[in-house]
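The lines below spell out each chain.
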Amino acid sequence: MTKKDIKNELEYIEKVKNINEGRNLKYNILTMGCQLNENDSEKICGMVEKMGYTKTDEILEADLVIYNTCCVRENAEEKLFGKLGEVKKLKEAKGTIIAIGGCMMQEKHIVEKIKKSYKYDVIFGTHTLQNFPKDLYNAIMQNKKITDILDIDGEIIEGLPIKREDNIRASVTIMNGCNNFCTYCIVPYVRGRERSRNPEDILDEVKKLAQDGYKEITLLGQNVNSYMRVERERGEAPEEINSFAKLLRAVNEIEGIEKIRFISPHPKDFTDDVIEAIKDCEKVSKFIHLPLQSGSTKVLKLMNRKYSKQQYIDLVEKMKNKIPNVKFSTDIIVGFPEETEEDFEDTLDVVRKIKFEQIFMFIYSRRVGTPADKMDGQIPEEIKHKRFDRLKDLYEEMLKEINKEYIGKTLDMLVEGYSKTNKKLLTARTDTNKVVVFEGEDSLIGKTVPVEIISEHMWYLKGRV
Ligand code: 5AD
Ligand code: SF4
């Protein structure tokens, strides 16, 4: 994949910095959506801080407010318009600069609505992140509104500054875009076609993170296990690291990194070489996020997921046989068009069979421009909510059972810091992403220590070092 040269774009960082010199300006950022968006926000923060702004959590203090938006479900839209309504007053009172970026800005009807009814200075999309300093510069210097959106699939952008949220765990994007076109999903339309970063760039980034003391890496992509697939098909993949399995093995070799996770894989691309790599690589987490979406073969077909209920169950069985102690989390959508009571029962059946450690549950949300939005058989809201509650009840019931299995076990955990709700307690997470709180010395932060689990409390566990 050819990389875009962004030297010219980055020169605007200096230019904005020069206009901001000595003004002690602050910025506030709100990130919606998934970890890919969070990773983009870290890049936005990297650029913005180089331009001389310091971060504030207090929006009233901010001279620059940035919204990095998501459009996967409808509630994000409501949230953005609410926020834009509030920030309007701030702009009128003190001229706060408003920048709106991310996935939602790739949707024409949303941009039109913002232009018509809200105040803003810069609108930027998912393919124009690197232009943000230039757009901001032009908005300030020319005192005009800038809209900078590209409809093309985008290129791979390397070399943006990055300001990471955490100093132990880091996310590394390995691919952008998606070619799957699940019929409910807006992502392929707002993030463009699949394209993978070069392995050298990924490995260099992870090596630098290891040198900086990072211990845990999450490899990110809309469909990570098809890493380099389109490049392979086009004969453009590198010779050595040309698949996700090989990338996992290469990252596993990097000294200093203790844990490797990845999200999200697609069940249809979970090939044997990936399963082997997970088994062989001691640093790769054995806690796998495997989006189910629905347990009904009929609904899966309508969703264009390309696997059946039985194929999903068989895949999990195969992984359980090959990878000792493998555990799973999943995403489930309830109330997809044409979902009958029987179809929903199939979903509950898979949940009972697989005993997911974690389930992210979503009520189907109609997205303009997706095939499912035009399907007959849309499910009334009331039924969707009832099914959601039934799934939640089953999940919570099973969670209690699953949590009980942890009591008495001693597990190695990376100590992350203090508990958000009780500063006297330390927190860590099990490999399966369960929060564990326990008493301990500050000096344990950043270290991996054995913690014995002593009790379960549905959404967290208590332990002792
Ligand atoms: N409605 C509800 N949930 C959705 N997701 C994606 N699109 C929609 C939609 N239109 C969920 C899927 C995906 C997760 C990130 O969001 O479960 O895996
Ligand atoms: Fe959306 Fe499906 Fe692509 Fe995931 S794999 S981003 S759900 S289209």
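Preceding block: the structure.
These notes cover the structure that comes with them. (Residues numbered from 1 in each chain as written. Chains lettered and ligands numbered in written order. Predicted model: local features only at pLDDT ≥ 70, side-chain atom pairs only at ≥ 80, totals over all residues. Heavy atoms only, no water.)

1. Focus: the environment of Ile 241
Thinking step 1. Looking at the element boundaries, Ile 241 is found in the loop between α8 (229-233) and α9 (244-252).
Thinking step 2. Take Ile 241: its relative accessible area is 16%, and that puts it in the buried class.
Thinking step 3. Sequence separation of Ile 241 and Ser 419 is 178 residues, and the distance between their C-alpha atoms is 39 Å. (Helix = DSSP H or I, 4+ residues; strand = E, 2+ residues; numbered from the N terminus. Buried < 20%, exposed > 50% of the residue type's maximum accessible area, 1.4 Å probe, protein only.)

2. Overview of the packing of helix α13 (residues 341-354) against helix α14 (residues 381-404)
Thinking step 1. The geometry of α13 relative to α14 is characterised by a closest axis approach of 11 Å and an angle of 15 degrees between their N-to-C directions. The orientation of α13 relative to α14 falls into the category roughly parallel. Taken as a pair, α13 and α14 cross one another with a handedness that is right-handed. Contact with α13, carried on its side by Glu 341, Phe 344, Glu 345, Leu 348, Val 351 and Arg 352, involves Arg 387, Arg 390, Leu 391, Leu 394 and Met 398 of α14 and no other residues of that element.
Thinking step 2. Grouping the amino acids of the contact of α13 with α14 by side-chain chemistry returns 6 nonpolar, no polar and 5 charged. (Axes fitted to C-alpha atoms, helices over the stretch in contact; angles between N-to-C directions. Parallel < 35°, antiparallel > 145°, perpendicular 65-115°, else oblique. Left-handed = near helix turned anticlockwise from the far one by under 90°. Contact = heavy atoms within 4.5 Å. Nonpolar A, V, L, I, M, F, W, Y, C, P; charged D, E, K, R; others polar.)

3. Focus: the packing of helix α12 (residues 309-322) against α13
Thinking step 1. Their axes nearest at 11 Å, the elements α12 and α13 cross at an angle of 10 degrees. Between α12 and α13, the angle is such that the two are roughly parallel. Where α12 approaches α13, its residues Lys 309, Tyr 312, Ile 313, Val 316 and Lys 320 are matched on the opposing element by Asp 346, Asp 349, Val 350, Lys 353 and Ile 354.
Thinking step 2. Of the residues assigned to the contact of α12 with α13, the class counts are 5 nonpolar, no polar and 5 charged.

4. Here's the deal with the site of ligand 2
Thinking step 1. Surrounding ligand 2, one finds Cys 178, Asn 180, Phe 181, Cys 182, Tyr 184, Cys 185, Val 187, Pro 188, Gln 222, His 266 and Arg 305.
Thinking step 2. When the residues that make up the shell around ligand 2 are grouped by side-chain class, the tally is 7 nonpolar, 3 polar and 1 charged. (Near = heavy atom within 4 Å.)

5. Focus: the site of ligand 1
Thinking step 1. Taken together, the residues surrounding ligand 1 are Val 72, Arg 73, Tyr 184, Gln 293, Asp 331, Ile 333, Phe 362, Ile 363, Tyr 364, Ser 365 and Arg 367.
Thinking step 2. Side-chain polar atom of Gln 293 to an oxygen atom of ligand 1: 2.6 Å apart, as the coordinates give it.
Thinking step 3. Ser 365 places a polar main-chain atom, nitrogen or oxygen, 2.8 Å from a nitrogen atom of ligand 1.
Thinking step 4. Burial of ligand 1 by the protein amounts to 85% of the accessible area it has alone, namely 400 Å².
Thinking step 5. At the level of elements, β15 (327-334) and β16 (358-363) are the ones that each hand at least two residues to the shell around ligand 1.
Thinking step 6. Among the residues forming the shell around ligand 1, the class breakdown is 6 nonpolar, 2 polar and 3 charged. (Polar contact = N/O pair within 3.5 Å; in protein donor to acceptor, adjacent residues only side chain to side chain. Areas by Shrake-Rupley, 256 points an atom, 1.4 Å probe, with all protein chains shown as cover.)

6. Some details on the sheet that holds β16
Strand pairing in a sheet relies on backbone hydrogen bonds. The paired strands run either parallel or antiparallel.
Thinking step 1. Ordered by their spatial adjacency, 3 strands build an open sheet running β14-β15-β16, and the pairing between neighbours is parallel. Every other strand in the sheet has two partners, leaving β14 (287-289) and β16 as the edge strands with one partner each. Taken pair by pair, the neighbouring strands of this sheet meet at an average axis angle of 15 degrees, ignoring direction.
Thinking step 2. Bridge count between β15 and β16: 6 bridges; the pairing is parallel. By the bridge assignment, Thr 330 is partnered in β16 with Ile 359. (Pairing = 2+ DSSP bridges.)

7. Some remarks on the nonpolar core
A general trend in soluble globular proteins is that nonpolar side chains are found buried together.
Thinking step 1. In terms of nonpolar packing, the biggest core is built from 75 residues, with Leu 219, Phe 262 and Phe 270 touching the most fellow members.
Thinking step 2. For this core, the two domains that each supply at least three residues are domain 2 (166-285) and domain 3 (298-404).
Thinking step 3. Once you skip the residues sitting within four places of it in the chain, Phe 270 turns out to touch Asn 225, Phe 262, Pro 265, Ile 275, Ile 278, Ile 288, Leu 290, Leu 315 and Met 319.
Thinking step 4. One finds Ile 6, Ala 139, Ile 146 and Leu 160 within the second-largest nonpolar core, a separate group that totals 26 residues. (Core = buried A, V, L, I, M, F, W, Y, C linked by side-chain atoms within 4.5 Å. Domains from an automatic or database assignment.)

8. Topic: the pattern of salt bridges
Thinking step 1. A complete count under the given rule lists 39 salt bridges for this structure.
Thinking step 2. Of the charged contacts, one joins Glu 216 and Arg 169 as a salt bridge, the two residues approaching to 2.8 Å between their closest N and O atoms. Here Arg 169 lies in strand β9 (residues 169-173) and Glu 216 lies in strand β12 (residues 216-220), a separation of 47 residues in the sequence. Neither residue differs from the other here; Glu 216 and Arg 169 are each classed as buried. (Salt bridge = Lys/Arg side-chain N within 4 Å of Asp/Glu carboxyl O.)

9. Regarding the packing of aromatic side chains
Thinking step 1. One pass over the full model with this rule turns up 10 aromatic pairs.
Thinking step 2. Each ring, one from Tyr 12 and one from Tyr 137, has its centre 5.4 Å from the other, and the planes form 65 degrees; the classification is edge-to-face. Here Tyr 12, found in helix α1 (residues 7-20), pairs with Tyr 137, found in helix α5 (residues 132-142); they are 125 residues apart in sequence, far enough to count as distant. Across the pair, Tyr 137 and Tyr 12 agree in class, each one buried.
Thinking step 3. Ring geometry for Phe 181 and Tyr 189: centres 5.5 Å apart, planes at 75 degrees, overall edge-to-face.
Thinking step 4. What makes Tyr 189 partly exposed here is its relative accessible area of 37%. (Phe/Tyr/Trp six-rings, centres within 6.5 Å; stacked < 30°, edge-to-face > 60°.)

10. Comments concerning the pairing of β9
Thinking step 1. Within β9, 5 of the 5 residues are buried, which leaves it mostly tucked inside the rest of the structure.
Thinking step 2. Of the two faces of β9, the one lined by Arg 169, Ser 171 and Thr 173 and the one lined by Ala 170 and Val 172 are each fully buried.
Thinking step 3. Bridge count for β9 against β12 is 5 bridges, and the pairing is parallel. Within the sheet, the bridge partner assigned to Ser 171 lies in β12 and is Thr 218.

11. Some points on the pairing of strand β4 (residues 64-69)
Thinking step 1. With 6 of its 6 residues buried, β4 lies for the most part within the structure.
Thinking step 2. Residues Leu 64, Ile 66 and Asn 68 of β4 are buried on one face, and the alternating residues Val 65, Tyr 67 and Thr 69, pointing to the opposite face, are buried as well.
Thinking step 3. With 5 bridges joining them, strand β2 (residues 26-31) and β4 adopt parallel strand pairing. Bridging from a neighbouring strand, Leu 30 pairs with Tyr 67 of β4.
Thinking step 4. Pairing of β4 with strand β5 (residues 97-102), which is carried by 6 bridges, proceeds in the parallel orientation.

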